[in-house]
Amino acid sequence: MADAAVSATIQVALQAVVSLAGDHVNLVREFPTELERLNKSAEMIRGFLAGADEQMHSPVVQNWLKQLEEEVFKADNVLDELNYENLRRKVKYQNQLTKKKVFFCFSFFNKIGFRWRLGSMIREINTNLQRIHQDAEGLGLAYKHQVEEAFPTIAAGATTSRQTDSKIVRSDVLGRDEDESKIVKKLLTESESDSISVISVTGMGGLGKTTLAKAVFNTPQFDNHFDKKIWVCVAEKVDRIEVVFKMILESSTGRKAEVDNRQVIVDGIETELKEKRYLLVLDDLWNDQEGLLDDFFTTLKALKPKKGSWCLVTTRLQEVAIVLSRHPQINFTRHELGKLCDNDCWSIINKWVNVGEEVPKDKKERVLRRCDGLPLAAKLIGGLLSKKRKEEWLSILEESLLNRGQGGIEQIVKVSFDHLSPAPVKKCFAYGSIFHQDTELEQDPLVELWMAEGFLQPDSQNERTMEKIGCEYLRILLQTSLLEEVKEERRTWYKMHDLVHDFAKSILNRSSSNQDRYLAASERMVENINEKSSASLRTLFLEGGIADEMLSKFKYLHVLKLFGADAKKLPKSVGKLIHLHLLDISGSRIRTLPESLCKLYSLQTLRIDRLEKGLEIQMPSRIGQLTCLQTLEFFNIGCQEKGRGIQELGTLQDLKGSLEIRNLELVNGKDDAELAKLSKKPNLHRLVYEWRNRYWGSDNCDEDVLEGLQPHPNLKELQILKFMGDRFPQWFMNLTLTSLVELRVADCTRCRELPALGQLPFLQRLYLTGLENIRGIGLSFYNISAEEDGGSEGSSRQTFFPALKKLSLESMKNLEEWKDAHEMMSTAGEVHVMDVFPVLEKLSISDCPQLTTIPTPSHFPSLDSSLSIYGCDSLPTDMLERLCLFPTLQHVELMDAANVTTLRGMSCAACLERLTVIRCYNLWEFPEHFYQFQALEYLLIWGCPRINSFGYPNPKNSFGQKGLLKSLERFTVGRCDAFTRLPAEMFESCTSLRELKLSYCRSLVSFPLDLRRTPSLESFSLYGCSDLITEMPSGFGYLTSLRKVKIGPFSDDSAIEFDWAGLASSSSLQHVSLQGMRDTKSLPHQLQDLTTITSLSLKRFNAIEALPDWLGNLASLEELILRRCPKLEYLPSVDAMERLKLRRLVIRSCPLLKPRCTPESGSEWSKISNIPEREIDLIERIMALLATSVNEAASSDGAETL
């Protein structure tokens, strides 16, 4: 095969040319011979590409490849232009029909001319491809017939395969002890079944799968356990399984097998393995075809080995493990190999070269990020440094390592790349490098880009859409670990490893060509592109703006992405980019779209950001002409007469994904709304309907409009915003939205009744916000009619909201009652049993001040994840307290719940992870068994003035036991004025505590915490507790992770008691904030030992007149903040200030110091003039300016009145 990247580029372009030509019905019908010639030429050229392997470095072959690439792209441009012309003519014809004007003569001659041009162009393409075909024959290139599977994971025949053996140096195995132990233990286990035992070790290239397999293979325990050990390195995809059998025979006998007959080979293996317990390692397996693997292991099992025999397979392909796990005759175990930790990676580097303090901490962190847990990467870095002098290490790490030169990694990635099939997957992979390394790639935008570039073509049977093909290609890249998947709660995204990204970037644009086809550039770089280069460009990611004339030079662009703060205008010349398939301005500041945009008839994707409130983009006129458009994330309705009405959406039949429709108040009624034809758009999975704010009493036809906006039943997410109808449409009631997963209804202030949602089978998330006219949630909400409530004969069981997991009620100001879907008595006296919210996990009720009734807790049987109650002052105390009794709750949040007085009965000690209580002014009692909340990670109590303690534990079952509050990581208590005591024993087992914050508890007198009990503490805050004088925390010097301390104010007594010595001995501290020593004229002298801190804040030191010179000893200090020090006049000496190397100085409300820091005459100015960032009474200056502006405005108004 010729160079894989070049070959893939040409093959993809050829495929696009043939596909485009075949799409022209006129061409197929009227030029069948030319189309047949084109297909034959394309097939012949693919064959010559496959046969050019041995001559790929020949200059004449390279020249032939270059000519071929240019000619194929030229043909693609020509056919794409013809396709555009065809679309343009259809739009023009449709417009004439709309105007009831069809000029027959003009239309006839236009059609004849278009047909003649089409035939002429295809004949020219055929002639040029035939010439290149003949050139290939003249060069003596061999022709190889190519049959490529539609979706194999890997292609037949990699370029250069690496070979491995079983020999190992034990010291080379680092960080894999646990993996090795697990696998060895498994291999020593004898299976009770007759199935063949197989274990797979899967993971991306460079993780050390082979090294681990070698370590396992050479385990001393195996010498007596296995009768035979066989190592086979496959390292490439094989077409026939006989090849693997032959490798096994040669490895087991130690002799080359001269035969190719399968029966003879298998007989030879049987002789070697019969009645023996063996360990067979198949290293670097690339075959994932189920039939082939089934054939191999079925034969292997038939050899009747001794029980306890194992086959260990290493592979990069996840599909191999999946296929093996399905095999009925295999006792299968899967071992997924993870990345190494940073310490192990650094150990590998140090094995090559002893890297100590010569590499600063920040460089070390960058090196480890570069390794990203790959042992091979660490080995290459160590090897690179070992060849250099110590003096060169920093420059090597900065220049060579972090930019280029990873030959070994590149070779590993290249093997994966060469195996990719079909050819377009190679292009899809390389294209990913146009993004910045840290970009979070998402499936839909990525597939849209591949589609726009022509990498995705429908298969010959049209069984799969291009989107499905793109998803399949993405799956292949994930299987080969060239992309990594990252799953979050609400989204999944993908990333490319740095080293993989480097390789992809190296092949995206051919190094031998001066004509980049895919470019990510800045505004300045684009200005320097010459005309020839601009004409070859297919993708442009541009950070910044671009001039009208400059943009028109990129006439063959398929993809244009403009982003950045300087991208403020989309030039009119964008309408000349007739090949453009994707336009993305979502990261720009562009606010207007030119009318010429609607001439881009081939446009498939238009991405525009949703703007902040009050701003919107005006849609260009006649966007409905873009009939190829599939992605349009939002549509702003404008004047219908100017071609900006909602009917423009009607002709966009292929819209998919998400669509937001705004300004619906401009639609005149149901008939107009139906022109959008949303019910006929099955590929839209998310819709947002939004009206603009209007006067509450204004006339509207919102109900009719929403009735006409009925979506397709496939819809999964729906939002209805600022709808001003009294009730929701009929299609809500008749179960049209059978696929709906999420519904959000917000700010619909006129609605008097909620839609009937209880029977939607897949609804999982429901958000009701700002429905101020709703006074009750009744039976209709559950989809129970009055007739049903009255009953019907016979008993039955009904389920309402069968899939709902999250329910949120917010800002429903007049909501008074939320009724139970209670048991209903039939006329015969039989009970209708109801299951209500059977799987609800999260319930949030906020800002519903009139709400007095909610369903009984028994109707939330699965409420175990989260309960949030905010601002529901009218809820009865017993109802609120009962809600908190769920034994499996994980998160509880209570805010502005004045009726809550006690949490004594809270019984979720085993599960509760987060407890937040804010402004519950009457709460006085905490959970009875609070100290036994072993799962609690986060505790926040704020503004609860009646709480005086966390209770007194039972010594028999609390403090006497270890493990109380053992999971606590963050502890915050503030503005609890009655709080008097925080027992030290409370933190006895808090070894996970990272943040402790206690503030403004004015009655607190005792907090004798021994900080040795909290070894993980990173942040400690204790301030505003004026009565805390003795029994204070101590032991700061034992905290090795402490980064931040905020303490004060201090009285003379508390300053003496405080553990200054311990604080000063902390070696990890970076940020210190001291709040007030009112009568002390000097800072605590122990502070001069805080040489590691980078930030120091001093506030309310009322008596200090000058800062001491020993501040200059704080060598790491970068930020100094001085606030409200009324007597402070002087900074440390000039010499001390120079030693500080400050980067930021803040001085606020220091009236005597401020004038001394003025540039004109201040005595302290020379000490601070070289500090890069200075803020001296900035807030006071702003307030003064505001006051001046207000006074001037008032004077002006007064003058006008007079």
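Residues numbered from 1 in each chain as written. Predicted model: local features only at pLDDT ≥ 70, side-chain atom pairs only at ≥ 80, totals over all residues. Heavy atoms only, no water.

The name given to the protein in an unreviewed UniProt entry is DH200=94 genomic scaffold, scaffold_1719, with Coffea canephora as the source organism. Recorded in UniProt for the protein, the comment headed Sequence similarities (unreviewed entry) runs: "Belongs to the disease resistance NB-LRR family." (UniProt positions renumbered as here; feature names shortened; annotations may be inferred.)

**Regarding the overall build of the protein**
When you go through the protein residue by residue, the secondary structure sums to 34 helices and 39 strands. Buried positions account for 52% of the 1202 residues belonging to the protein. Taking the contacts inside the protein whose residues are at least 6 apart along the sequence as the reference set, 68% of them involve residues at least 24 apart. Looking at the protein as shown, the accessible area adds up to about 54100 Å², and 48% of this sits on carbon and sulfur atoms. (Helix = DSSP H or I, 4+ residues; strand = E, 2+ residues; numbered from the N terminus. Buried < 20%, exposed > 50% of the residue type's maximum accessible area, 1.4 Å probe, protein only. Contact = heavy atoms within 4.5 Å. Areas by Shrake-Rupley, 256 points an atom, 1.4 Å probe, with all protein chains shown as cover.)

**Concerning the packing of helix α11 (residues 290-302) against helix α12 (residues 318-326)**
Where α11 contacts α12, the two axes come as close as 10 Å, and the packing angle between them is 55 degrees. One finds that α11 runs oblique with respect to α12. With respect to the hand of their crossing, α11 and α12 are arranged in right-handed fashion. Contacts between α11 and α12 pair Glu290, Leu293 and Phe297 from the former with Val323, Leu324 and Arg326 from the latter. Across the contact of α11 with α12, the residue classes break down as four nonpolar, no polar and two charged. (Axes fitted to C-alpha atoms, helices over the stretch in contact; angles between N-to-C directions. Parallel < 35°, antiparallel > 145°, perpendicular 65-115°, else oblique. Left-handed = near helix turned anticlockwise from the far one by under 90°. Nonpolar A, V, L, I, M, F, W, Y, C, P; charged D, E, K, R; others polar.)

**Notes on helix α19 (residues 443-452)**
For α19, the tally of buried residues reaches seven of ten residues, placing the bulk of the element in the interior. Inspection of α19 places Leu446, Val447, Glu448, Leu449, Trp450, Met451 and Ala452 among the buried residues, and these make up the whole buried set.

**Observations regarding the environment of Ala898**
Of note, Ala898 is situated in the loop between β28 (891-895) and β29 (914-918). With 24 residues separating them along the chain, Ala898 and Ser874 place their C-alpha atoms 8.6 Å apart. Apart from the residues lying within four places of it in its own chain, the contact partners of Ala898 are Asp873 and Asn922.

**What to know about the environment of Ile248**
Tracing the sequence through the fold places Ile248 in helix α9 (residues 242-253). Sequence separation between Ile248 and Ile269 is 21 residues, and the spatial gap between their C-alpha atoms is 7.3 Å. In contact with Ile248, other than residues within four places in its own chain, are Ile230, Val232, Ile269, Leu280 and Phe296.

**Points about the sheet that holds strand β3 (residues 278-283)**
Taken in spatial order, the five strands make up an open sheet running β2-β3-β4-β1-β5, and their pairing is parallel. The strands lining the two open edges of the sheet, one partner per strand, are β2 (228-233) and β5 (330-336). Mean inter-strand twist for the sheet, computed between neighbouring axes without regard to direction, equals 15 degrees. When strand β1 (residues 196-202) meets β5, the two strands line up parallel, connected through seven bridges. (Pairing = 2+ DSSP bridges.)

**Section: the state of the cysteines**
By definition, a disulfide is the covalent link that joins the sulfur atoms of two cysteine residues. Under the counting rule described, the total for this entry stands at zero disulfides. In this model Cys1001 remains outside any disulfide bridge; the closest cysteine sulfur is found in Cys1025, 5.0 Å from its own. (Disulfide = S-S within 2.5 Å.)

**Focus on the sheet that holds strand β8 (residues 518-522)**
Judged by pairing direction, the sheet is parallel, and its six strands sit side by side in the order β8-β9-β10-β11-β12-β13 without closing on themselves. On the outer flanks of this sheet lie β8 and β13 (631-632), each paired with one strand and no other. Running at roughly 135 degrees to strand β12 (residues 605-607), α19 makes contact with β9 (539-543), β10 (559-563), β11 (582-587), β12 and β13 of the sheet.

**Remarks on the nonpolar core**
Membership of the largest hydrophobic core comes to 198 residues, with the highest contact counts inside it found for Leu632, Tyr689, Leu718, Trp818, Phe950 and Phe971. If we skip the residues at most four places from it in the chain, Phe971 touches Leu939, Phe950, Leu982, Met986, Phe987, Leu993, Glu995, Leu996, Lys997 and Leu998. (Core = buried A, V, L, I, M, F, W, Y, C linked by side-chain atoms within 4.5 Å.)

**A closer look at unusual backbone geometry**
In this model, Gly1048 is joined to Pro1049 through a cis peptide bond whose omega is -10 degrees. Tracing the backbone shows Pro1049 in the loop between β34 (1044-1048) and α30 (1052-1057). Phi at Asp284 takes a positive value of approximately 60 degrees, unusual for a residue other than glycine. In this structure, Asp284 sits in the loop between β3 and α11. According to the relative accessible area criterion, Asp284 is buried, its value standing at 4%. Here Arg919, not a glycine, exhibits a phi torsion of approximately 50 degrees, which is positive. The topology assignment puts Arg919 in the loop between β29 and β30 (938-942).

**A word on the pairing of β10**
Where burial is concerned, most of β10 is hidden: four out of the five residues are buried. As paired strands, β9 and β10 are joined by five bridges and run parallel to one another. Within β10, the position partnered with Phe541 by the bridge is Lys561.

**Quick notes on the side chain of Lys209**
Residue placement: Lys209 occurs in helix α7 (residues 209-217). In this structure Lys209 is buried but unpaired, with Asp284 as the nearest side chain of opposite charge at 6.3 Å. At a separation of 3.1 Å, a polar atom in the side chain of Lys209 contacts the main-chain carbonyl oxygen of Gly203. Not counting residues within four places of it along the chain, the set of residues in contact with Lys209 comprises Val201, Thr202, Gly203, Met204, Thr314, Thr315, Arg316 and Leu337. (Lys, Arg positive; Asp, Glu negative; His and termini not counted. Salt bridge = Lys/Arg side-chain N within 4 Å of Asp/Glu carboxyl O. Polar contact = N/O pair within 3.5 Å; in protein donor to acceptor, adjacent residues only side chain to side chain.)

**Describing the pattern of salt bridges**
Once their charged atoms are close, side chains differing in charge can pair, the charge on each being opposite to the other. Applying the stated criterion across every chain, the model contains 41 salt bridges. With its nearest N and O atoms 3.0 Å apart, the salt bridge here joins Glu442 to Arg491. Of this pair, Glu442 sits in the loop between α18 (423-431) and α19 while Arg491 is found in the loop between β6 (484-487) and β7 (492-495), placing the two residues 49 residues apart along the sequence. Between Lys656 and Glu448 there is a salt bridge whose closest N-O contact spans 3.1 Å. On the criterion of sequence distance, the pair formed by Lys656 in the loop between β14 (634-636) and β15 (657-662) and Glu448 in helix α19 is long-range, its members being 208 residues apart. Take Lys656: its relative accessible area is 14%, and that puts it in the buried class. Residue classification places Glu448 among the buried residues on the basis of a relative accessible area of 3%.

**Examining the packing of aromatic side chains**
For the structure shown, the criterion picks out 27 aromatic pairs. Note on Phe222 and Phe226: the rings are 5.1 Å apart at their centroids and 80 degrees apart in plane angle, and the pair reads as edge-to-face. What makes Phe226 buried here is its relative accessible area of 4%. Ring geometry for Phe781 versus Tyr782: centroids 5.6 Å apart, planes at 70 degrees, classification edge-to-face. One exposure class covers both Phe781 and Tyr782, and it is buried. Lys229 extends its terminal NZ or CZ atom over the ring of Phe217, reaching a point 4.8 Å from the ring centre. Over the face of the ring belonging to Tyr767 we find Arg744, whose NZ or CZ atom lies 4.0 Å from the ring centre. (Phe/Tyr/Trp six-rings, centres within 6.5 Å; stacked < 30°, edge-to-face > 60°. Lys NZ or Arg CZ within 6 Å of the ring centre and 35° of its normal.)

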